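A structural walkthrough
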Amino acid sequence: MTAVLQAAGLGKRYRRQWALADCTLEVPGGYVTGLVGPNGAGKTTLLHLAVGLLEPTAGTITVLGGAAAAGPAQLARVGFVAQDTPVYVHLSVAEHLRLGARLNPGWDAALASARIDQLGLDPAKRAGKLSGGQRAQLALTLALAKRPELLILDEPVASLDPLARREFLQHLMEATAEHGLSVVLSSHVVADLERVCDYLVVLTGAHVQVTGETEDLLAQHHLVTGPRRDPAALPGDWQVITASHTDRQSTLVIRTAGPVLDPAWTVSPLSLEDLVLAYLSQAASPARDRALLRLGA
Amino acid sequence: MLWLSWRQFRAQALVGAAVLAVAAVALGLAGASLAHLYAVAGVPGCQAAGGCARALRLFSASTDGAASVHVLELAATAMSVVPGLVGVFWGAPLVARELETGTHRLAWTQSVTRARWLAVKLVLVGLAGVVLTGLLSLMVTAWSSPLNQLNLDRFAYGPFGEQGIVPAGYAAFGFVLGVTAGLLIRRTLPAMAATLLVFTAIRMGFTYGARRLLMAPLRVTGPLNLQNLGLAISNHHKLTLYASGGHRGAWIYSVQVLTPAGRPYVSGPAPRSCTGGDFRTCLQAISQLHLRQIVTFQPASRFWAFQWYETGLFILAAVALAAACVWWIRRRMN
C-alpha cells in the first residue's frame, strides 16, 4: 500500500519560530497512526500541513500521493476533524449533515443518518447545544460520511471526559475497520493511543523522534539494568535512548534489532507509554521536563 | 456551497428584508403625501399654465414642517450610513467570524476549495447588500424627487451620496472592504471597527477630494450675474462682491469677477447708491460697472454622469478587492 503521508524536509515557520522543522517521514497506508508529542511539539502544524490549511515554509508533503488540498478531488479524499471539533453553533445537527451532503460529492447519507441515530442525537438540536462528546461525534460523522481514504484527527479526545473519550475512540475504531480507512490521529495522551494505534510517530520540539509500527517498536525497545558500564563499552548495535546511572548500576532504555544476550543485563519490556516517555525525555531540557510533566498528568 | 452560504446568511437577510419592508411602507406613504402636495400646488404642468414661480412657492410653503418631508429627509440621511453598515455588519464578520470560531477548519476541509467557498459568499452576500442598498436608494430618490424642485443643490456633498445609484456602489465597496478587513485582521470586532474607519475615510476623501476630478469643469465667461449676488461694503466704502455664478443646480467650483478690462476685480469704491440703503438701485449701479465673471462649474445636466462615474469606480474597486481576497485566501492564508 502506498504512503498516506510523505514528508521530506518539511518545515513551517511562524515569523522567526519554527513550529515544525526538517520533518521527514513516511506513514504507510492501512494503519491507525498515532502522532504523539507534548503540547507545542508541532503536531497540529504537521496535520494542518497535511490537510492544506497551512502551506509549508520548507520541504514538501504529499498526501495519498497528491499535493495537500490541491483541488476538490484531493480534498474529497481526506477527512479532517480539527482540534476542539469546531461546528457551526447556529446550525442544527440535520443541517450539518446537509452541509456535508452539499459540499462533498462522495457523501454517504445513509451512513451519516445511521450514525446520528446510533448516537441518539436529536437532528433538530442546534450544534451549539451539544455536549463536547456529542459535538466531537458530530464532527467525526461529518468526516466519515465524506467517505475519505484517509481520516486525520487533531487531538479529537483532548477535551472529552473519560467516558466520552472511550466511546469516541471505539466508534472511530469500528468505522476504521468497516471502511478500511487509514487514520492519523494526534494526541498528547499516550494512553489514548495505546489502545488504538498500530503505527507511531513521536514528535517533540518540532522534530520527529521516532516512527514505526507499534509492535516493532515495542519489540525493539528494552529497559535494561546492570552493573555500571562505560557508555563506550556498550554493544555497537545498541541505540541508547535514555541512560541513568547510580554508583554501581546503569539503567538504560535501548533500541536494538537483536536480542540482548549478555546475562549481566536484566531485560524488562517497555510499555508504549514508557517508550514514548523515554523519547520525550531524551536530551531532556527544562522545556522538555515541563512537557513531560504535562504528559504524565 | 450556495446552500451553506445562504443558510449562514439567512438571519442577516431577514433583517435586511425587514428593513426594506418598513422603509417601503414608510417612504411609500410619505412619498404619496408629498406627491399630493406637489399636485395640489400645481407644479406639474405649471409651464403651460404660464409660470412656475407661484406654484413652487405654494409647494415650498406646504412642505414646510410636513411630516412626509421629515420622513424623506431622515431616510436620505440614513442612506449615507447604509453602505457603511453593510460593510460593517455583513462584510467584516463574513470571514472573520469563521476564523475566530475555528469553523473555517471545518469548511475548508470539505470537498470545496476555499477560493470557491469565498467566491460564493462574496457574490451572494455582496449582491444582497448591493440590491438592498440600491432598492432603498431607489425609493428615497423616486419618492423625494419633488423636493429636488425646491432644493436644487443635488451636487452638494451630502445629498449627492444619499440618492441615485451611488449608494449601491458604496455598498459593494464597503462590503468587500469589510471582508478584506476580516480576512487580514481575523477577528470580528476589530475588523468591524477597521471597516468603519477606513470606509468613512475613503468616502470622505472621495467626496471632498477626488469627485471634482472625475470630469473637467466648464469655464464660462460672461457679464456678472446679479442674482443671489452677495456684497459687503466696508467702513471706507469699499465694495466686495460674492458672486454665485447663477447656473441652476450646478456644482460651482469658483466664480471670478473681472473688471471690464479683464483684470481680476478684488474690490472697488462702492457706488453712492449702495451706501444709501436701497438694494435694487445699488444692484443697478453695480450693473453699470460692466463687471464680468468667469464661472468654473459642473452643470446640473452632469448629475447622472457623475453618479455613473462614481458608482462605476466604487464597483470596480470592489471587484478588484474581491479578486485580491480570493487570491489571498488561496495563496497567502496560513
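A brief report on the enclosed structure follows. (Residues numbered from 1 in each chain as written. Chains lettered and ligands numbered in written order. Predicted model: local features only at pLDDT ≥ 70, side-chain atom pairs only at ≥ 80, totals over all residues. Heavy atoms only, no water.)

Details of the sheet that holds strand S8 (residues 182-187) of chain A
All names here are of chain A.
- Read across the sheet, six strands follow the order S6-S7-S8-S3-S9-S10 without closing on themselves; strand pairing throughout is mixed. Looking at the sheet topology across the chains shown, the edges are occupied by strand S6 (78-81) and strand S10 (207-213). Neighbour-to-neighbour, the strand axes of this sheet turn through a mean angle of 15°, independent of strand direction.
- This element, helix H1 (residues 43-51), spans strand S3 (32-36), S6, strand S7 (150-154), S8 and strand S9 (199-204) of the sheet and lies at about 145° to S7.
- Sheet contacts for helix H5 (residues 132-145): S6 and S7; angle to S6, the most-contacted strand, approximately 175°. (Pairing = 2+ DSSP bridges. Helix = DSSP H or I, 4+ residues; strand = E, 2+ residues; numbered from the N terminus. Axes fitted to C-alpha atoms, helices over the stretch in contact; angles between N-to-C directions. Contact = heavy atoms within 4.5 Å.)

Structural notes on empty space enclosed by the protein
Residues and elements named next belong to chain A.
- Scanning the entire structure with this criterion turns up one cavity of 30 Å³ or more.
- Within this model, the largest cavity holds a volume of roughly 60 Å³.
- Of all the elements in the fold, those that place two or more residues in the lining of the largest cavity are H1, helix H2 (72-77) and S6.
- Tallying contributions element by element places S6 first for the lining of the largest cavity, with three residues.
- Broken down by class, the residue content of the lining of the largest cavity amounts to six nonpolar, three polar and one charged. (1 Å grid on protein atoms, 1.4 Å probe; cavity = no way out; pocket = protein on both sides within 12 Å on 5 of 7 lines; lining within 4 Å. Points joined across faces, edges and corners; volume = space filled by probe spheres on them. Nonpolar A, V, L, I, M, F, W, Y, C, P; charged D, E, K, R; others polar.)

A short note on the pairing of S3(A)
Residue and element names in this part refer to chain A.
- Within S3, five of the five residues are buried, leaving the element largely enclosed by the surrounding structure.
- Burial of the side chains of S3 extends over both faces: Val32, Gly34 and Val36 are buried on one face and Thr33 and Leu35 on the other.
- Bridge count between S3 and S8: five bridges; the pairing is parallel. Considered in S8, the bridge of valine 36 is made with serine 187.
- Of the pairings in the sheet, the one linking S3 to S9 comprises four bridges and is parallel in character. Within S9, the residue paired with threonine 33 across the bridge is tyrosine 199. (Buried < 20%, exposed > 50% of the residue type's maximum accessible area, 1.4 Å probe, protein only.)

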